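Structural characterization, general
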Amino acid sequence: MAKYTQKKIAAKLSAKAATDADEISPEQESELKELGEGIRSLGRRTTEQAFELGGYLARAKSILPDRALGAWVRAICKFTSKTARNHVAVYEKLSDYRERLVAASVAPTTLFVLAYADKEKVESVLMAIEAGEQLTVAQVKAMVGVAAKRKAATTDGALNVGGLAGLRKAAELKTTQDVDQFHGLMSAVLNRVEKAMEPLAKGRAVKKGMLLEAIVYDCRHAHDLLNSIAAPMKAELVAHVNWRPARLPEGSAWRTVQALLHRMGGVDGWPDRTEFVGWLRDEVIPALRFVVHGEALTATEDETEIADASDQLAAQERVEANDRVQTGEEATRAQIKRVFNGLIAPASPTGKSRDHRSVPSAVAA
């Protein structure tokens, strides 16, 4: 009883502080009292209650002036203004995902991270959770791009260390973030593929266009991340062409994943409708489950040969294109040099002979 009385006294003091700061009508004071009672009635902070608390605090924020809100929150909620702002952000920015977040029982600490993330990042994390992934707050931060920003202040010392030890530390920091982001993307892609296959159980068709549109960019980004994490850099045959990630070891499972993600990240690489379902069932899902759940995967010789031939052809085309560019530039420079040195005369546009065949040399300085 004494505890309840103390809460009532605190609520009155906070309301008085707010009234002293700015004039608040009796109706608003009554509403603030009701909001306080609603907040105190909330029990254990479940996902649903986190949204309800955010709704109460959002309403209180619209009534109280900024300088009085902190005192009211401390008196009623017993936590800081920053925590209150996080709950308000959850209520205001994650309302479109509320039902799914509640169904997945996402912890409030994770909600706070998602509340400040872009929508596509929220969707990726949520799909990974719905697929059964037990993501930590640190992993969620990495997936939405928050971890790198928060680590910037604490890792400056490590990133300023020279030598081989410093380089390895910098690589470790980068790899940790890339791996978390890669795993989140792959979890989301696997979930979408498995959901796309569900109509088969009812004798209905799998919609290729919808699935392609949903995952093609995630596959492309995941392919780049995998190359950044695991693929060594390979020098091109032409010196002035930048190095590129090489193929992973032939016959390895991760080489199969690398080739598959490259194919899935391009619209033209997907098979036609007659082979589409078999491709998803026999190649795509096993590879994705290998990545996400660690299930065994053995690449077939046919898959490896096809991927290798594709890579070799692409490399040869790049080399030939660079050679053509280089040859064309050299021919142009030689032609210009001959013209200005008076060795030849430009041909007449009409093909007719001219009276003056010689070309004057360049004007002397």
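Here the residue index of a chain counts from 1 through its sequence in written order. The predicted origin of the model limits local features to residues at a pLDDT of at least 70 and limits the giving and counting of side-chain atom pairs to 80 or more, whereas totals for whole chains, interfaces and linings rest on all residues. Derived side-chain values reflect all non-hydrogen atoms in the structure, with water molecules and hydrogen atoms excluded from consideration.

Summing up its helical and strand segments, the protein chain has 16 helices and two strands in all. Buried residues are those whose accessible area, probed at 1.4 Å on protein chains only, stays under 20% of the maximum for their type, while exposed residues exceed 50% and partly exposed ones sit between those limits. When burial is assessed residue by residue, the protein chain has 37% of its 365 residues classed as buried. If you take every contact in the protein chain between residues at least 6 apart in sequence, the share linking residues at least 24 apart comes to 64%. Every accessible area reported is derived by Shrake-Rupley at a probe size of 1.4 Å, with residue values counting cover from the shown protein chains alone. Looking at the protein chain as shown, the accessible area adds up to about 22,200 Å², and 54% of this sits on carbon and sulfur atoms. The helix and strand labels rest on DSSP assignments: H or I over at least four residues marks a helix, E over at least two residues marks a strand, and numbering proceeds from the N terminus. Contacts: residue pairs with any heavy atoms within 4.5 Å of one another.

Before going further, it helps to examine the packing of aromatic side chains. Only the six-membered ring of Trp is used, alongside the rings of Phe and Tyr, when aromatic pairs are assigned; centres must lie within 6.5 Å, and planes under 30 degrees apart are stacked while those over 60 apart are edge-to-face, with the rest tilted. Tallied over the entire structure, the rule returns five aromatic pairs. An angle of 50° between the planes, with centres 6.4 Å apart, marks the rings of F182 and W254 as tilted. Within this pair, whereas F182 is found in helix 12 (residues 163–197), its partner W254 is found in helix 14 (residues 253–264), the two being separated by 72 residues in sequence. By relative accessible area, F182 is classed as buried at 6%. What makes W254 partly exposed here is its relative accessible area of 34%. With a centroid separation of 6.3 Å and 40° between ring planes, the pair formed by F276 and W279 is classed as tilted. With F276 and W279 both in helix 15 (residues 273–293), this residue pair falls three residues apart, about one helical turn. By relative accessible area, which is 4% here, W279 ends up buried.

Further remarks concern a positive patch on the surface. A contiguous patch of positive charge on the surface is contributed by K61, K82, R85 and K93. A per-element tally of the positive patch places helix 5 (residues 81–93) first, with three residues. Considering the arrangement of structural elements, one finds K93 in helix 5. Classification of K93 as partly exposed rests on a relative accessible area of 48%. Think of a patch as exposed residues, more than 30% relative accessible area, with no salt bridge, where like charges cluster within 9 Å and nonpolar side chains (Val, Leu, Ile, Met, Phe, Trp, Tyr) cluster within 5 Å. Note on definitions: salt bridges are taken to be side-chain nitrogens of Lys or Arg within 4 Å of carboxyl oxygens of Asp or Glu. A positive count includes Lys and Arg, and a negative count includes Asp and Glu. His and the chain ends are not counted in either. Each charge is placed at NZ for Lys, CZ for Arg, CG for Asp and CD for Glu.

This paragraph deals with the side chain of Q258. Tracing the sequence through the fold places Q258 in helix 14. Given the relative accessible area of 4%, Q258 is considered buried. Within polar-contact distance, the side chain of Q258 engages the side chain of N227 at 2.8 Å. In terms of polar contacts, Q258 uses its side chain to reach the side chain of R255, at 2.9 Å. If we skip the residues at most four places from it in the chain, Q258 touches H223, L226, N227, A231, A246, R247 and L248. For this analysis, a polar contact is any N or O atom pair within 3.5 Å, provided that within protein one partner can donate a hydrogen and the other can accept it, and provided that sequence-adjacent residues contribute only side-chain to side-chain pairs.

To continue, consider the side chain of Q49. For Q49, the location among the structural elements is in helix 3 (residues 47–63). A relative accessible area of 18% places Q49 in the buried class. Here T46 takes part through its backbone nitrogen, which lies 3.2 Å from a polar atom of the side chain of Q49.

Right, let's get into the nonpolar core. Take the buried residues of types Ala, Val, Leu, Ile, Met, Phe, Trp, Tyr and Cys, join any two whose side-chain atoms come within 4.5 Å, and each joined set is a nonpolar core. Counting residues in each nonpolar core, the largest one holds 34 residues, and the members touching the most others are M186, V193, M264 and L280. Looking at this core, the elements that each hand over two or more residues are helix 12, helix 13 (208–230), helix 14 and helix 15. Among the elements that make up this core, the one with the highest residue count is helix 15 (ten residues). Setting aside residues up to four positions removed in sequence, V193 forms contacts with L211, I215, L280, V284, I285 and L288.

Looking now at the pattern of salt bridges. Here the structure, examined in full by the defined rule, presents twelve salt bridges. Here E48 and R98 are joined by a salt bridge, their closest N and O atoms 2.5 Å apart. With a gap of 50 residues between them, E48 in helix 3 and R98 in helix 6 (residues 98–103) connect regions that are remote in the sequence. What makes E48 partly exposed here is its relative accessible area of 27%. Residue R98 is classed as partly exposed on the basis of its relative accessible area of 25%. Measuring nitrogen to oxygen at the nearest pair gives 3.2 Å for the salt bridge that ties R247 to E250. Residue class for R247 comes out partly exposed when judged on its relative accessible area of 27%. Several salt bridges converge on common partners, so that one network encompasses R100, E123, E130 and R192.

Here we come to the confidence of the model for the protein chain. Chain-level statistics for the protein chain give a pLDDT mean of 77 and a share of 72% at 70 or above. Within a predicted model, pLDDT stands for the predictor's per-residue confidence, ranging from 0 to 100. Across the protein chain, element-level confidence peaks in helix 14 with a mean pLDDT of 94 and bottoms out in helix 1 (residues 2–21) with 49. Note on residues 17–21: pLDDT under 50 across the span, and seven contacts to partners over four residues away in sequence or across chains. Under a pLDDT of 50 for its full length, residues 348–365 has, in the predicted model, twelve contacts with residues more than four places off or in other chains.

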